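# Inside the fold
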Amino acid sequence: SILPANKIWLIFLISFSISLYVAIKLLLNSPNNNTTSKKRNLPPGPPTIPLLGNFQLLKKSVLDLESFLRKLHAKYGPILTLRVGPSTMIFISDRSMAHKALVQNGSNFSDRPPALGMSRITTSNQHTISSAGYGSLWRVLRRNLVSGVFHPSCVKSYSQGREWVLSQLIGEIRQDSNTGEPVFVLEKIQYAMFCLLLQMCFGQKLEQSTARKIEDIQRRMLVGFDISSLFPKIGKIIYRKRWNELLQMRREKHELFTPLIKARKDQKHFQNSNGTCVFSYVDSLLCLELPDEGGRKLTDGELVSLCSEFLTAGTDTTTTSLQWIMANLVKHPDVQAKLVDEIEGVVGKEAEEVREEDLNKLQYLKAVVMEGLRRHPPTHFVIPHTVSEELMFEGYVIPKDATINFMVAEMGWDESVWDDPMAFRPERFLDGGANVDITGSREIKMMPFGVGRRICPALNLAMLHLQYFVANLVREFEWKPVKREEVDLSEKLEFTNVMKNPLKAKIIERKR
Ligand code: HEM
């Protein structure tokens, strides 16, 4: 459950008192305001407890929330409203309606809600890409990422770094597989994905001890629900211990990141030890000026928040997808065999590794990755959106202060588009079979990266990482189920929708 039960009554009482106070104030001050919410034709939804809304929601875990929403959508239709205390949340489950909102009306539906509670601090007051409102700051930060370190030429300059991370990962898996025991791969691939992003962020390979420390602090800050964002005024008081812990972690993060940022500041040329040019995310941020804030540079706190966002947004999403894909390859040996055949056909049986240049020739590999993202999108919702101004949509009012979200997983499981949607069948992506544009700009058939103006800016990088690692991991090893154990595809929600029982496989080196 999201909240420990013993705190619920307290929050209930306090919100009730606040709501009562607000209601009385509205009644006394402004009779018109009182009637507007009744008149306003919001999307339909379940009846609410006066002043408190659908308070029962707080007792549900987020996974329950998804199945609860599925039932509500069946009853109320593809767009619906839920309320918790003062917050209004609108959910859209239908892919053409999502297209209409995020693509056709993209300029209206791309704002973000105000950051409250601890997230005000972790985002340096909304000075990160994912949290910034739809405006010039967001544009400057996002453009800096996309045309800087995510520019294809810059991504290419990190190919040696990827090779190195891959060889480390393969070495670790080999070591474990040599024992003959089943191998747990999650932590290994998580660390590998994290190292890839660390290099791009700070422009250097970090000592393992530093990398582990950063990984640890990033993870500790993600764990646990930040109640202060739901009830900013009272959460800080009720959860004082957690609040103080978060502040302490933020300070630790500062201490870890600052010397790494300073090292980039001090160096004059973007060169690594073997003389090749490496331009990092931090380098781009250090050059950046904020036109709407008098052309000032980013503060140290903002640099820390942006680096932290980069690492967080990219690690668990890619790791989770990679784990789901490998799990399906264990579960479906026929798919794995077909993939290995394709790879060997392109790179030859003797080749040391699958190089990045080879990936474009591997259509079945791409189909396997796409099927993994469709069947198991790492996040089942997008980051909450809001509208820039109150507007009418599909005959309903969408208020400015409502958060809007989209049922990402549902879109990829729509039976009207996908035959037998819950089956893992990469073939559906072959020969233009599903004719899928993953950016959803023409039509949404799946949206694991979101769509429209807020679409994940790392889409191409994430696809590269997934294809490169899947190809090399199946090329190097045969992945088999552990004797008498089925691969369990149940889900659990952490920061992303992960495997409830992390993948455990019998891994055998392939003969060449
Ligand atoms: C398989 C891997 C990934 C998946 C499935 C994924 C998915 C997503 C989704 C669903 C969103 C929200 C879109 C919205 O709010 O409408 C998003 C946003 C974002 N992602 Fe990713 N992501 C992945 C990898 C990455 C990586 C590797 C990075 C960076 C290193 C990254 C950085 C971001 C950022 C900065 C945003 C915020 C964009 C904005 O608000 O304008 N993501 N991603």
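Nothing here was measured: the structure is a model prediction, and the numbers come from that model.

This part is about the overall build of the chain. Looking only at helices and strands, the chain has 19 helices and 12 strands in total. Considering only contacts in the chain between residues 6 or more positions apart, those separated by 24 or more positions represent 73%.

Right, let's talk about the nonpolar core for a bit. One broad rule of soluble globular proteins: the nonpolar side chains tend to lie buried together. Counting 99 residues, the largest nonpolar core has Leu 197, Cys 201, Cys 307, Ile 325, Met 326 and Val 470 as the members making the most contacts within it. Ranked by residue count, the leading element in this core is helix 15 (residues 300-331), at 14 residues. Residues within four places of Cys 307 in sequence aside, it is in contact with Cys 201, Phe 257, Tyr 281 and Val 282. By size, the runner-up hydrophobic cluster in this structure holds 5 residues, among which are Ile 129, Ala 132, Trp 138 and Leu 141.

Here 3 strands make up an open sheet; going across it, the order is 1-2-8 and the pairing mixed. The two strands at the open ends of the sheet, each matched to only one other strand, are strand 1 (79-84) and strand 8 (403-406). Geometrically, the sheet is characterised by an average inter-axis angle of 25 degrees between neighbouring strands, direction not taken into account. Pairing between strand 2 (residues 87-92) and strand 8: 4 bridges, direction parallel. Note on strand 8: the bridge partner recorded for Phe 91 is Asn 405.

Around the ligand sit 24 residues, and of these Ala 313, Gly 314, Gly 450, Cys 456 and Ala 458 come closest. Every element with two or more residues in the shell around the ligand is listed here: helix 15 and helix 19 (459-476). Of all the elements, helix 15 adds the most residues to the shell around the ligand, at 7 residues. Residues that form the shell around the ligand fall into these classes: 14 nonpolar, 7 polar and 3 charged.

With that settled, consider unusual backbone geometry. One non-glycine residue, Ser 124, lies in positive phi territory at about 50 degrees. Within the secondary structure, Ser 124 is located in the loop between helix 5 (118-122) and helix 6 (136-147). Taking the number of C-beta atoms within 10 Å as the measure of exposure, Ser 124 has 21 and is therefore buried. The phi angle at Gln 126 is positive, at roughly 65 degrees, despite the residue not being glycine. Tracing the chain through its elements places Gln 126 in the loop between helix 5 and helix 6.

Detailed conclusions should not be drawn from predicted coordinates in areas where pLDDT is low. Scored by pLDDT, the chain comes out at a mean of 88, with 84% of its residues at no less than 70. In the predicted structure, residues 26-38 sits below a pLDDT of 50 and forms 3 contacts with residues beyond four places in sequence or in another chain. Predicted complex, confidence summary: ipTM 0.99, pTM 0.90.

What follows is about the packing of helix 17 (residues 363-375) against helix 19. When two helices pack together, their arrangement is given by the angle between the helix axes and by the axis-to-axis distance. Interhelical geometry of helix 17 versus helix 19 gives an angle of 115 degrees and a closest axis separation of 10 Å. One finds that helix 17 runs roughly perpendicular with respect to helix 19. Pair helix 17 / helix 19 crosses with right-handed handedness. Residues Leu 365, Lys 366, Val 368 and Val 369 of helix 17 form the contact with helix 19, whose own contacting residues are Met 463, Leu 466, Gln 467, Val 470 and Ala 471. A breakdown of the residues in the contact of helix 17 with helix 19 according to their chemical character gives 7 nonpolar, 1 polar and 1 charged.

Cut-offs and rules
All residue numbers refer to position in the chain's written sequence, counted from 1. Where totals are concerned, whole chains, interfaces and linings use all residues; where local detail is concerned, this predicted model gives features only for residues with pLDDT of at least 70, and gives and counts side-chain atom pairs only at 80 or more. The numbering of helices and of strands both runs from the N terminus, where a helix is a DSSP run of H or I of at least 4 residues and a strand a run of E of at least 2. With C-beta atoms placed from the backbone, a contact is any residue pair whose C-beta atoms sit within 7 Å. What makes a nonpolar core is a set of buried Ala, Val, Leu, Ile, Met, Phe, Trp, Tyr and Cys residues, with links drawn between C-beta atoms within 7 Å. Exposure is read from a count of other C-beta atoms within 10 Å of each residue's own; the residue is exposed at 12 or fewer, buried at 20 or more and partly exposed in between. C-beta atoms are placed from the backbone. Strands were regarded as paired on the criterion that DSSP finds at least two bridges between them. For every element, the axis is a line fit to its C-alpha atoms; helices are fit only across the contacting stretch, and the angle between N-to-C directions ranges from 0 to 180 degrees. In this entry, near means the residue's backbone-placed C-beta atom lies within 6 Å of the molecule or strand. Residue polarity is assigned by list, with Asp, Glu, Lys and Arg as charged and Ala, Val, Leu, Ile, Met, Phe, Trp, Tyr, Cys and Pro as nonpolar; anything else, Gly included, falls into the polar class. For every residue, the predictor assigns a confidence score, pLDDT, that lies between 0 and 100. Should an angle fall under 35 degrees it is taken as roughly parallel, and over 145 as roughly antiparallel, whereas 65 to 115 is taken as roughly perpendicular and any remaining angle as oblique. By definition, turning the near helix anticlockwise from the far helix through less than a right angle yields a left-handed crossing, and turning it clockwise yields a right-handed one.

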